[in-house]
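Results of the structural survey
Here are the chains, one letter per residue:
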Amino acid sequence: MEELRSTEILDKEIEADARKKAEKLLANADAECQQLLDGVSGRVQQAADEKKRYYEEKLASFSANLDASLPLEKERFLASFYAESVAGSLNDYLTALGEEKRLALVLTRLPAAKEALAGKNITAKVYGFACADVKKQLEKAFGKTVLSCTETSFELSGEECALLNNVHEGIILESEDRSVRCRLTTDQLVSELKDTYSAELATTLFGGRLPA
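**Notes on the packing of aromatic side chains**
The full count for this structure, using the stated rule, is one aromatic pair. Where Tyr127 meets Phe154, the ring centres are 5.9 Å apart and the plane angle is 55°; that geometry is what we call tilted. Pair noted here: Tyr127 is in strand β1 (residues 122-127) and Phe154 is in helix α5 (residues 154-157), with a separation of 27 residues, a long-range link. Since its relative accessible area comes to 16%, Phe154 is described here as buried.

**As for the pattern of salt bridges**
Enumeration over the complete set of coordinates arrives at five salt bridges. Across the pair Arg102 and Glu169 runs a salt bridge whose closest N-O atoms are separated by 2.6 Å. Taken together, the residues Arg102 in helix α2 (residues 99-106) and Glu169 in the loop between α5 and β3 (170-175) connect sequence positions 67 residues apart. For the pair Arg102 and Glu169, a shared accessibility class is recorded, and that class is buried. Its salt-bridge partner being Arg109, residue Glu192 comes within 2.9 Å of it at the nearest N-O pair. Residue Glu192 is found in helix α6 (residues 186-205), and its partner Arg109 is found in the loop between α2 and α3 (110-116); the two are separated by 83 residues along the sequence. Given a relative accessible area of 35%, Glu192 falls into the partly exposed group.

**Brief notes about the sheet that holds β1**
Taken in spatial order, the four strands of this open sheet run β2-β1-β3-β4, and their pairing is mixed. Two strands lie at the open edges of the sheet, namely β2 (146-151) and β4 (181-185), each paired on one side alone. Across the sheet, the mean angle from the axis of one strand to that of its neighbour is 15°, orientation sign disregarded.

The rules behind the values
Residues numbered from 1 in each chain as written. Predicted model: local features only at pLDDT ≥ 70, side-chain atom pairs only at ≥ 80, totals over all residues. Heavy atoms only, no water. Phe/Tyr/Trp six-rings, centres within 6.5 Å; stacked < 30°, edge-to-face > 60°. Helix = DSSP H or I, 4+ residues; strand = E, 2+ residues; numbered from the N terminus. Buried < 20%, exposed > 50% of the residue type's maximum accessible area, 1.4 Å probe, protein only. Salt bridge = Lys/Arg side-chain N within 4 Å of Asp/Glu carboxyl O. Pairing = 2+ DSSP bridges. Axes fitted to C-alpha atoms, helices over the stretch in contact; angles between N-to-C directions.

This is the structure we're talking about:
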C-alpha cells in the first residue's frame, strides 16, 4: 500500500510540473503572438504611410503638369476655334452664293491654269457644276485645245475636303500627256482663303474682339 501511495504522489508531482511547464509555454506563445501582431500592425501602418506619400507625390506631379499644359491647351483650343469658325462662315457664304456665282469664283483661277497649260491639248473633268456651262467657259479660254469635258464625282476626283466645307464643286484640267494637272475647285478656294487671310477673316468674324 505504501508503494502505491508513493506512486500516486509521484504521478501528481509529475502532473503538476507538466501543468506549470504547459502554462509557461502558453504564456510565452501568447507573448510571441502579441509581438507578431504588433509587428504586423506596424508594418501595415508603415506600408499605408508609404502608399499615401507615393500617391501624394503622384498627385502633386500631375497637378504641376496640368498647370504647365493649360496655356498650351488654351492656345490649341483657340486656334481650333478660330479655324472652325472661319471655315463654317466660308461654307455658309458659298452655300448662299449660288452655283452660277460659285462657278465664276472658281474660274478666277483660270488665268493661272491657262498659263500652266499653254501650248497643250487638255481634258476636263467636272463635278458639281453643269458640264455644259463649264465646257462653254473652257472653250472661250482655251479654244480648240479642249479635247473633252466630262462629268465625274467629288469622290472620284481625288480632291480633298477643306475643313467644314460642304460645297464640293470643281473642274480638274489635265494636259493630254498628263504632265500638268490644275484643280479649280471650291475646296481649293476655301483652303487658300483660310491660309492667306485667316487672321483677317477671324478679326472680321469676331468684330475685332478676338478672345485672348
